[in-house]
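# Observations on chain architecture
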Amino acid sequence: MTSSEMLRPSPEYLVLPTLSEVRHSPDDGPSQDGTIEVTLLPVTGDDGVRHLAALAFSSVSLLVEAMGEQQSWVIVPAAELEGALRGSGAQAVLVDPQLAGSAE
């Protein structure tokens, strides 16, 4: 871990890519009448075991840079991320990943 990574503050909100467009309620928040399917990727841990990891970005601009303007997304308070991912199958979260084929 570099010194800049150690000093970087944790984001208050995280932007999660979703598998489909997210419906919004009149107050412009995500609709609570359904589930949101977040993007999960299989990753191999240091132990050689494959796990499912959720993708999360610290800003919309970083999500767009990595996944493109057409990628649908939802913003989740970082403090609520664990609860939001409960039942998704995610065993880890990759924050601000550099995806293969994304703009550098």
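Presented here is a report on the structure given in the accompanying data block. (Residues numbered from 1 in each chain as written. Predicted model: local features only at pLDDT ≥ 70, side-chain atom pairs only at ≥ 80, totals over all residues. Heavy atoms only, no water.)

The strand order β2-β3-β5 describes an open sheet built from three strands, whose pairing is mixed. Each end of this open sheet is capped by a strand with a single partner; those strands are β2 (40–44) and β5 (92–95). Neighbour-to-neighbour, the strand axes of this sheet turn through a mean angle of 45°, independent of strand direction. Direction of pairing for strand β3 (residues 50–56) relative to β5: parallel, over a ladder of four bridges. Bridge pairing in β5 links A56 to V95. (Pairing = 2+ DSSP bridges. Helix = DSSP H or I, 4+ residues; strand = E, 2+ residues; numbered from the N terminus. Axes fitted to C-alpha atoms, helices over the stretch in contact; angles between N-to-C directions.)

Residues L14, L16, V38, A54, A56, V74, V76, L81 and L85 constitute the largest nonpolar core, which totals nine residues. Secondary-structure elements contributing two or more residues to this core are β1 (13–17), β3, β4 (73–77) and α3 (81–85). Not counting residues up to four positions away in its chain, the partners in contact with V38 are L16, P17, T18, L19 and L85. Core analysis: the second largest hydrophobic core is formed by five residues, V15, F57, L63 and A66 among them. (Core = buried A, V, L, I, M, F, W, Y, C linked by side-chain atoms within 4.5 Å. Buried < 20%, exposed > 50% of the residue type's maximum accessible area, 1.4 Å probe, protein only. Contact = heavy atoms within 4.5 Å.)

Attention now moves to the pairing of β1. Burial runs high along β1: four of the five residues are buried. Across five bridges, the pairing between β1 and β4 is antiparallel. Looking at β4, one finds that L14 is bridged to V76.

Here the phi dihedral of D96 falls at roughly 55°; this positive angle occurs in a residue that is not glycine. Here D96 lies in the segment after β5.

This brings us to the pairing of β2. It is a general feature of regular strands that their side chains alternate between the two faces of the sheet. Both β2 and β3 contribute to a ladder of five bridges, which runs antiparallel. Its bridge partner being in β3, L40 is matched across the sheet by A54. What sits between the antiparallel neighbours β2 and β3 is a turn of five residues, in which G48 has the positive phi angle 85°.

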